[in-house]
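# Structural overview for review
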Amino acid sequence: MATPGIKQKLYNLLRRSEKYTKTDMVYLFKGGSWLTLGNIISSVSALLLTIAFATLIPKETFGSYKYILSFVGILSIPTLLGMGTAVVRAVARGHEGSLISALKMKIRWGFWGSLIGILLSGYYYFQGNGILAIAFLIIAFFIPFFEPFGIYINFLQGKKKFAELSKFDICSQAVSATALIAAAFLTNNLFILLFVYLAVWTSLRLFFLRATLKKFPLNKKEDPETIPYGKHLSAIKIIGSLSSNLDKILLWHFLGPAQVATYFLALAIPTRLNGLLRIFPRLAFPKLAQRSIPELKKTLISKIIDRKS
């Protein structure tokens, strides 16, 4: 642990560096340190889980598991995936009450994803594919809650509580990885693995949502722009959500589940390393959301000119 003297020297150094960076370096260092630590530990947990799955269960089962999880991402589109960004902006501006209305909206719209899941289940049942029929029924049950309960992440980001955000993320990854590795060790049953994944993550997100609201009670201020802004962002994100999941779906249909497993294993490390790049947007957006458009134009242009000179 750093002594008070070292901390003060580091603080002074960071403050002096702001003359050249034109950036709040103390905020960047503290928030970035927590997010980096959380990302590293979460990445290690995810890689250990991938290695365990590749070792403990057959390639075909692993490939089918990743194929079905790709549909979780697609069926989550109706839960308004862009609403989280709108919540970050609202909370950063002091409108914490917008969280509840956004959460209710996400859950309500999520039932459309459930309906689509049920229809897909019926389709595969009549096609004689009982495995996918049951899998889509399991997904349909969790869809309205699986992604929406994670809105506490956006709240903590808007509040700039990166320490709590990282701690919750580390705990979630550790618990889910442990539960899934235990499930894979005990069984190769695709339905059990899918149910454990969805049930554990939904429960963890609900738990940390409740913990967040208990630790940081909401004020009653609401921003009327949050819901329309969130819907607009959600519409923009549709193509991205589809494209990030369609590769595994198409690969499963044309080449089979074993090839999906191989493809996912090949991308495991680059995907986790790419997650490190998300640290900077998480840090920057709450700060930028507190400023007006004219102020942003003025400060950003001045920073660009200073850097060029």
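To keep things clear, this report deals only with the structure shown in the data block. What you see is a predicted model, and the numbers here were worked out from it, not measured in a lab. (Residues numbered from 1 in each chain as written. Predicted model: local features only at pLDDT ≥ 70, side-chain atom pairs only at ≥ 80, totals over all residues. Heavy atoms only, no water.)

### Thoughts on a nonpolar patch on the surface
- A contiguous nonpolar patch, built from Leu-37, Ile-40, Ile-41, Val-44, Leu-48 and Ile-51 and spanning about 510 Å² of accessible area, is present on the exposed surface.
- Among the structural elements, Ile-40 can be located in helix α2 (residues 25-56). (Patch = residues over 30% accessible without salt bridge, like charges linked within 9 Å, V, L, I, M, F, W, Y side chains within 5 Å. Areas by Shrake-Rupley, 256 points an atom, 1.4 Å probe, with all protein chains shown as cover. Salt bridge = Lys/Arg side-chain N within 4 Å of Asp/Glu carboxyl O. Helix = DSSP H or I, 4+ residues; strand = E, 2+ residues; numbered from the N terminus.)

### Some details on the nonpolar core
- Counting 64 residues, the largest nonpolar core has Phe-53, Tyr-65, Ile-139 and Leu-198 as the members making the most contacts within it.
- By residue number, the principal contributor to this core is helix α9 (residues 190-215), which donates twelve residues.
- If we skip the residues at most four places from it in the chain, Ile-139 touches Ile-68, Val-72, Leu-75, Leu-194 and Leu-198. (Core = buried A, V, L, I, M, F, W, Y, C linked by side-chain atoms within 4.5 Å. Buried < 20%, exposed > 50% of the residue type's maximum accessible area, 1.4 Å probe, protein only. Contact = heavy atoms within 4.5 Å.)

### Concerning the packing of aromatic side chains
- This model, assessed by the stated rule, comprises 17 aromatic pairs.
- Through pairs of rings, three or more aromatic residues link up here, namely Phe-53, Phe-62, Tyr-65, Phe-146 and Tyr-197.
- Of note, Arg-89 hangs over the ring of Tyr-229, and the distance from its end group to the ring centre comes to 4.1 Å.
- Of note, Arg-205 hangs over the ring of Phe-146, and the distance from its end group to the ring centre comes to 4.6 Å. (Phe/Tyr/Trp six-rings, centres within 6.5 Å; stacked < 30°, edge-to-face > 60°. Lys NZ or Arg CZ within 6 Å of the ring centre and 35° of its normal.)

### A few points about the packing of helix α5 (residues 98-126) against helix α10 (residues 226-254)
- Where α5 meets α10, the axes come as close as 13 Å, and the angle between the chain directions of the two elements is 30 degrees. Classified by the angle between their axes, α5 and α10 sit roughly parallel to one another. Pair α5 / α10 crosses with right-handed handedness. For the pair α5 and α10, the contacting residues are Ser-98, Ser-101, Ala-102, Met-105, Trp-109 and Tyr-124 in the first and Thr-226, Ile-227, Lys-231 and His-253 in the second.
- Across the contact of α5 with α10, the residue classes tally to five nonpolar, four polar and one charged. (Axes fitted to C-alpha atoms, helices over the stretch in contact; angles between N-to-C directions. Parallel < 35°, antiparallel > 145°, perpendicular 65-115°, else oblique. Left-handed = near helix turned anticlockwise from the far one by under 90°. Nonpolar A, V, L, I, M, F, W, Y, C, P; charged D, E, K, R; others polar.)

### Thoughts on helix α6 (residues 130-146)
- Here α6 contains 17 residues, and its C-alpha end-to-end distance of 24 Å stays within 8% of the 24 Å for a straight helix at 1.5 Å per residue.
- The largest bend along α6 reaches roughly 30 degrees and is located at Ala-140, with the proline Pro-144 sitting one to four residues downstream.
- Listed as buried for α6 are Leu-132, Ala-133, Ala-135, Phe-136, Ile-138, Ile-139, Ala-140, Phe-142, Ile-143, Pro-144 and Phe-146.
- Contacts made by the buried residues of α6 are with α3 (59-75), α5, α9 and α10. (Expected span 1.5 Å × (residues − 1). Bend = angle between axes of the 7 residues up to and from the residue.)

### Observations concerning the environment of Lys-237
- Relative to the helices and strands, Lys-237 is located in helix α10.
- Sequence-wise, Lys-237 and Ile-77 are 160 residues apart; in three dimensions their C-alpha atoms are separated by 8.4 Å.
- Those residues within four positions of Lys-237 in sequence are excluded, and the remaining contacts are Leu-81, Gly-82 and Thr-85.

### Re the pattern of salt bridges
- A full pass over the atoms with the stated rule returns four salt bridges.
- The salt bridge partner of Arg-89 is Glu-225, with a shortest N-O separation of 3.2 Å. Here Arg-89, found in helix α4 (residues 83-92), pairs with Glu-225, found in the loop between α9 and α10; they are 136 residues apart in sequence, far enough to count as distant.
- The buried category is assigned to Arg-89, whose relative accessible area is 12%.

### Section: the packing of α3 against α6
- Two elements in contact, α3 and α6, have axes separated by 10 Å at closest approach and are oriented at 40 degrees. Relative to α6, the element α3 is oriented oblique. Viewed along their axes, α3 and α6 form a crossing whose handedness is right-handed. The residues of α6 that touch α3, namely those facing Tyr-67, Ile-68, Phe-71, Val-72 and Leu-75, are Leu-132, Ala-135, Phe-136, Ile-139, Ile-143 and Phe-146.

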